[in-house]
Amino acid sequence: MARHFLRDDDLTPAEQREVLEMALAMRHDRFSHRPFAGPQSVAVIFDKHSTRTRVSFSAGISELGGFPLVIDSASSQMGRGESVADTARVLERMVSAVVWRTFGQDRLEEMAANCGVPVVNALTDSFHPCQILADLAAVADERGGVSALAGLDFAYVGDGANNMAQSYLLGCATAGMHVRIGTPEGYLPGADVVARAEEIAQTTGGSVTVTHDVSTAVQGADVVATDAWVSMGDEGEAEARERAFIDFQVNDAALELAAPGAQVLHCLPAYRGKEITADVIDGDQSIVWLEAEYRLHAQKALLTWLVEQA
Ligand code: CP
Ligand code: NVA
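Reading the values: rules and limits
Residues numbered from 1 in each chain as written. Chains lettered and ligands numbered in written order. Predicted model: local features only at pLDDT ≥ 70, side-chain atom pairs only at ≥ 80, totals over all residues. Heavy atoms only, no water. Pairing = 2+ DSSP bridges. Helix = DSSP H or I, 4+ residues; strand = E, 2+ residues; numbered from the N terminus. Axes fitted to C-alpha atoms, helices over the stretch in contact; angles between N-to-C directions. Contact = heavy atoms within 4.5 Å. Polar contact = N/O pair within 3.5 Å; in protein donor to acceptor, adjacent residues only side chain to side chain. Near = heavy atom within 4 Å. Areas by Shrake-Rupley, 256 points an atom, 1.4 Å probe, with all protein chains shown as cover. Nonpolar A, V, L, I, M, F, W, Y, C, P; charged D, E, K, R; others polar.

A. Up close: the sheet that holds strand S6 (residues 178–182). One open sheet accounts for 5 strands, arranged S7-S6-S5-S8-S9; its pairing is parallel. The strands lining the two open edges of the sheet, one partner per strand, are strand S7 (207–211) and strand S9 (263–266). If you compare each strand with its neighbour and ignore which way they point, the axes differ by 20° on average. In the packing of helix H6 (residues 163–174) onto the sheet, the strands contacted are strand S5 (153–157), S6, S7, strand S8 (223–226) and S9, and the crossing angle to S6 comes to about 165°.

B. Here's a closer look at the environment of Asn251. Its location among the elements puts Asn251 in the loop between helix H9 (238–244) and helix H10 (252–257). Along the backbone, Asn251 and Ser73 are 178 residues apart, and their C-alpha atoms lie at a distance of 38 Å. If we skip the residues at most four places from it in the chain, Asn251 touches Thr277 and Val280. Of the polar contacts made by the side chain of Asn251, one reaches the side chain of Gln249; its length is 3.1 Å. Here Ala254 takes part through its backbone nitrogen, which lies 2.9 Å from a polar atom of the side chain of Asn251.

C. Up close: the site of ligand 1. Around ligand 1 sit Ser50, Thr51, Arg52, Thr53, Arg101, His128, Gln131, Cys267, Leu268 and Arg295, and that is every residue in its neighbourhood. Here Thr51 contributes a backbone N or O atom positioned 2.7 Å from an oxygen atom of ligand 1. Within the complex, 94% of the 260 Å² of free accessible area of ligand 1 lies under protein. By residue class, the composition of the shell around ligand 1 is 2 nonpolar, 5 polar and 3 charged.

D. Fine view of unusual backbone geometry. In this structure, the amide linkage connecting Gly38 to the following residue, Pro39, adopts the cis form with an omega of -5°. Relative to the helices and strands, Pro39 resides in the loop between helix H1 (13–28) and strand S1 (41–46). In this structure, Pro269 follows Leu268 across a cis peptide bond, with omega equal to 5°. Summarising the element assignment, Pro269 is placed in the loop between S9 and helix H11 (278–281). Even without being glycine, Leu123 reaches a positive phi, approximately 115°. For Leu123, the position within the fold is in the loop between strand S4 (119–121) and helix H5 (129–142).

All we've got here are geometric facts, nothing functional implied.
Pasting the structure below:
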């Protein structure tokens, strides 16, 4: 049975640590692992736009000795309605892993259920777990290693119902962090995700807080993260969202409340003047470019780890 990575809690705390350690090591030794030497192919499929995910998986799979087969689903038979299950049955005979950015989590689950090679979530409406691995790796690298993560206070301010918020809940709880989500009414993460994060936190020494008060979220935080107010697929609600999130901006005042030297994360793309000010994202405390670079190292580590489990 192939191991898949569909959501953050598909890795146990020990497994997440292993992948993060490998990501930090791979930053300094980029060509140390060649699991796809051959080259074997990895399908990287996009139902939504992407810059970082497309480039980091493409470059990363090449660096692992493989061939990145990048597919825009609209131009494939998937775009004409071929089923996910039939697509999976064909792909597993030709490629060594499948990486997919899509809409519903159920579509990714269906791919994994019908695919004998690892399936990796490259973002769904519900989760963005590869991004969280990169974020944790970047924070760890800046703080001297993966063991520095447990016990950190992690604040996310913005859309609490989106993929980033839900993945931070699971991924940061897995890392033993105290994760706090500050979000307006009407934008709460799924109750099932919060409950799962609480369950994980009980085993890792972390904790979970969801609040409608930005200062409660950010006060004393070691890491402050945000994300676009309008995610892919939410464009029709743009005006209502900008009104709802107006007080949930990561700006100097919010950062003042955080711990001195708190690190600022944003998965990008960013909208300066909306969810984050230019001063903050372009300021000294921002590690967003290292965070983006870690998409490469973290996904290479994840793919290497997943194929080693087979
Ligand atoms: N952060 C992220 O996933 O970026 P892209 O949408 O550009 O892939
Ligand atoms: N929440 C954003 C993340 C983009 C990388 C979206 O889904 O559009």
